[in-house]
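If you want the building blocks of each chain, they are given just below.
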Amino acid sequence: MKEVYLDYAASTPLDEGVLEKMRPFFTKKYANPSSIHKMGRDASLAIGEAREKVASFLSASPEEVIFTGSATQANNGAILGYLRGIKNPHIITTKIEHEAVLLPSKKIEEEGGEVTFLKVDKKGRIDLEELRESIKENTAMVSIMYASNEVGVIEPIEKVGEIIEEINKKRERKIVFHTDAVQAAGYLNCNVKDLKVDLLTLSGHKIYGPKGVGVLFKKEGLNLSPLFFGGGQEKGISPGTYNTPLIVGMGEAVSLLKNKKGKETEKLRDYLIEGVLKIEGASLNGPMEKRLPNNANFSFKGVEGESLVLGLDSKGVAVSTGSACSSHSLKPSHVLMAMGLSREEAHSSLRVSIGRMTTKEEIDYFLEVLPGTIKRLREISGK
Amino acid sequence: MKNANYSKKALDHFFNPKNLGEMKGADLVGYAGNPQCGDTMKIFLKLNKDGTISKASFQTLGCAAAIATSDIICQMAEGKSLEEASRITKEEVVKALGTLPENKVHCADLANKALISAIKKNEEKR
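Predicted model, so just to flag it, every value in this text is computed and none were measured.

(A) Up close: the sheet that holds strand β2 (residues 65-68) of chain A. Residues and elements named next belong to chain A. Pairing in this open sheet of seven strands is mixed, and the strands run β2-β8-β7-β6-β5-β3-β4 from one edge to the other. Both edges of this open sheet fall to β2 and β4 (114-118), since each of them pairs with a single strand only. Within the sheet, the average angular offset between the axes of one strand and its neighbour, ignoring direction, is 20°. In the sheet, strand β5 (residues 139-143) pairs with strand β6 (residues 176-180) via three bridges, with the strands oriented parallel.

(B) Expanded view of the sheet that holds strand β2 (residues 40-47) of chain B. All names here are of chain B. Taken in spatial order, the three strands line up as β1-β2-β3 in an open sheet, and their pairing is antiparallel. Taken across any chain shown, the strands that pair with only one partner, and hence form the sheet edges, are β1 (28-33) and β3 (53-61). Between one strand and the next, the sheet's axes are offset by a mean angle of 15°, whatever the strand orientation. Relative to β2, β1 is paired through six bridges, and the arrangement is antiparallel. Opposite Ala-32, over in β2, you have Met-41 as the bridge partner. Strand contacts of helix α2 (residues 64-77): β2 and β3, with the helix running at about 170° to β3, the strand carrying the most contacts.

(C) Layout of the interface of chain A and chain B. Contact residues are listed per partner, giving 26 residues for chain A and 26 residues for chain B. Interface area, chain A with chain B, both sides summed: about 2,100 Å², of which 62% is carbon and sulfur. Here Glu-306 of chain A ties to Lys-104 of chain B by a salt bridge, and the two come within 2.7 Å at their closest N and O atoms. Counting across the interface, chain A meets chain B through 14 residue pairs in polar contact (both at pLDDT 80 or more). Listing elements by their share of the side of chain A that touches chain B, those giving two or more residues are α11 (305-313), α13 (343-347) and α14 (360-381) of chain A.

(D) Structural view of the confidence of the model for chain B. For chain B, the mean per-residue pLDDT works out to 93, and 97% of the residues sit at or above 70. The ipTM for the predicted assembly is 0.92, set against a pTM of 0.94.

(E) Quick peek at the pattern of salt bridges. All names here are of chain A. On inspection of all chains with the given rule, the structure shows 20 salt bridges over all chains. With its nearest N and O atoms 3.4 Å apart, the salt bridge here joins Arg-356 to Asp-15. On the criterion of sequence distance, the pair formed by Arg-356 in the loop between β12 (349-353) and α14 and Asp-15 in the loop between β1 (4-5) and α1 (16-22) is long-range, its members being 341 residues apart. A relative accessible area of 26% places Arg-356 in the partly exposed class.

(F) Examining the domain arrangement of chain A more closely. Residue and element names in this part refer to chain A. Each assigned domain of chain A is listed here: domain 1 (4-13 + 260-381) and domain 2 (16-258). Each of domain 1 and domain 2 has a C-alpha centre, and these two points are 28 Å apart. On the side of domain 2, 35 residues touch domain 1, which itself brings 33 residues to the contact. Summed over the shared surface of domain 1 and domain 2, the number is zero salt bridges. The interface formed by domain 1 and domain 2 holds 18 residue pairs in polar contact (both at pLDDT 80 or more) in total. Those elements giving two or more residues to the side of domain 1 that touches domain 2 turn out to be α10 (262-276), β10 (295-300) and α12 (334-338). Broken down by element, the residue count for the side of domain 1 that touches domain 2 peaks at four residues, all from α12. Of the residues belonging to the side of domain 1 that touches domain 2, the class tally is 14 nonpolar, 13 polar and six charged.

(G) Highlighting empty space enclosed by the protein. Per the stated rule, a full pass over the model turns up one cavity of 30 Å³ or more. Estimates place the volume of the largest cavity at around 40 Å³. Together, Pro-332, Arg-343, Glu-344 and His-347 of chain A together with Gln-36, Cys-37 and Gly-38 of chain B line the largest cavity. Residues of the lining of the largest cavity, tallied by class, amount to two nonpolar, three polar and two charged.

(H) Region of interest: the pairing of β2 of chain B. Residue and element names in this part refer to chain B. Burial of β2 is extensive: six of the eight residues sit out of reach of the surface. Connecting the antiparallel pair β1 and β2 is a turn made up of six residues, with Gly-38 showing a positive phi of about 100°. Note: β2 against β3, eight bridges, orientation antiparallel. When the sheet's bridge partners are listed, Phe-44 is paired in β3 with Ser-57. Connecting β2 to the next strand, β3, in antiparallel fashion are five residues, including Gly-51 with a positive phi near 90°.

Parameters at a glance
- Each chain carries its own residue numbering, running from 1 in the direction its sequence is written.
- Here the convention is simple: chains get letters from A, ligands get numbers from 1, in the order in which they are written.
- Owing to the predicted nature of the model, reporting of local features is limited to residues with pLDDT of at least 70; listing and counting of side-chain atom pairs is limited to 80 or more, with chain, interface and lining totals taken over all residues.
- Heavy atoms throughout the structure, all of them, feed into the side-chain values; hydrogens and water do not.
- Any two strands between which DSSP finds at least two bridges are classified as paired.
- Strands here mean DSSP runs of E at least two residues long; helices mean DSSP runs of H or I at least four residues long; both are numbered from the N terminus.
- Orientation is described by lines fitted to C-alpha atoms, with helices fitted over the stretch in contact, and by angles between N-to-C directions that extend from 0 to 180 degrees.
- Contacts are residue-level and defined by heavy atoms, with any inter-residue pair within 4.5 Å sufficient.
- Throughout, the accessible surface (probe 1.4 Å) given up by two parts as they are put together, summed over both, is called the buried area.
- Take a side-chain nitrogen of Lys or Arg and a carboxyl oxygen of Asp or Glu: if they are within 4 Å of each other, that pair is a salt bridge.
- Pairing of N or O atoms within 3.5 Å defines a polar contact, subject to two protein rules: one partner must be a possible hydrogen donor and the other a possible acceptor, and residues neighboring in sequence count only if both atoms are side-chain atoms.
- pLDDT gives the predictor's per-residue confidence on a scale running from 0 to 100.
- The rule is simple: take the accessible area with a 1.4 Å probe, protein chains only, and divide by the maximum for that residue type; under 20% is buried, over 50% is exposed, in between is partly exposed.
- Just so you know, the domain bounds were taken from an automatic or database domain assignment.
- Three classes are used, and their members are as follows: Ala, Val, Leu, Ile, Met, Phe, Trp, Tyr, Cys and Pro are nonpolar, Asp, Glu, Lys and Arg are charged, and the others, Gly among them, are polar.
- Whether a set of points on the 1 Å grid over the protein atoms alone is a cavity depends on a 1.4 Å probe fitting there but being unable to get out, while an open set qualifies as a pocket with protein on both sides within 12 Å along at least five of seven lines; lining residues are those with an atom within 4 Å of a point.
- Grid points are joined across faces, edges and corners, and a volume is the space filled by probe spheres set on the points.

Laid out in structure tokens, this is it:
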């Protein structure tokens, strides 16, 4: 059967070139990079190179790059690691963050701190005025995602950075700015100086690198208290034996992002959206402007998202949904709900995300099988 | 998608439901909805002269489990008296499908409620 993968926002395939760079570190250059013998030093050099590649991508210094086991660890390390060291901290974040930011923020609240979840508009964008108004004397951190994993909306991170910088000039207690750039990294400017961020999160497997590795950019001079304790690797913030192949893979994947093809991806995505919106009762969730070039998200009247995913799966198409039926909590996507969609619209949502390997033929195949799948489910629902 | 370990039988009822569709001239029509997840089910029953269920059909807006449980409960109800059909439990529905992912067992409950809602219409008629 045909296999058409349109779920790049969930995970991307590992780039073959990246795999080649990683390979020797599994079986040949396996020594512990912390060891002082030559084999250990060689492995350590490879980690240093990877660190430089990531630093160059971020326009940061290598000392500011911390390798973690995932973006989740990086987000937790940033939020809990910073705020737990502060008395009565207030964090401002948004209603549409990934759980790896939402839940540590809620944890801070549980531990006696305060949280503000910024609203978003119908298109998923935060309101900078609301951000300004939310800042209080005890505000210690602002964490706002660069781009949404569900609807691809791009938040005005540079402007947030400017606002915080301006406010910090008049404050003794500086506000630290963190952004989760996991989805943005593949397409958007991640120069930390332009963004004016103190902390930034990356993930390997969303940018054609390996799973099991992430990065936390931590601005020089900023102190985080560790969540784990061990051998002191990564400034003690992400201790544990260096996972050399994954770190090497992360560095390589990031360095390949310089040749990204955002424009072509966007053209294909727009072609996809145009095709899907020809279906009766189909609507686009999220904006057309300032949206990640690889993301599309739809709702279809009279259809439930999980059955649509399984229906398309039976035709060989891999996509995902924000329907309550596909979540453990039985709650519809918090992102779509925050954007003001009705429960029915969230219930029928479908996320289609394309990537580097996506072809027009694949999209044509998707557009060919989608109407029939929807028609069948509407027959079942009678709607 | 999390926990989509549907049994082959459940998937078969999802992809090829036998008892699908609105029933013209149904004797009883029941409805159930899960306000939490948003799934809705409608069950139609046609009765024999002796009061047993001759035909059952459904319309469901929901996930694969909701569709599969609707279909199987219709098949389980056919041939039974209303009283017998009202005693079909959600556990029996799950068992008839082989198994259901843990977070989908509530769909069997919904199917059960839709069927009972139809059966109760008969009591209201009397």
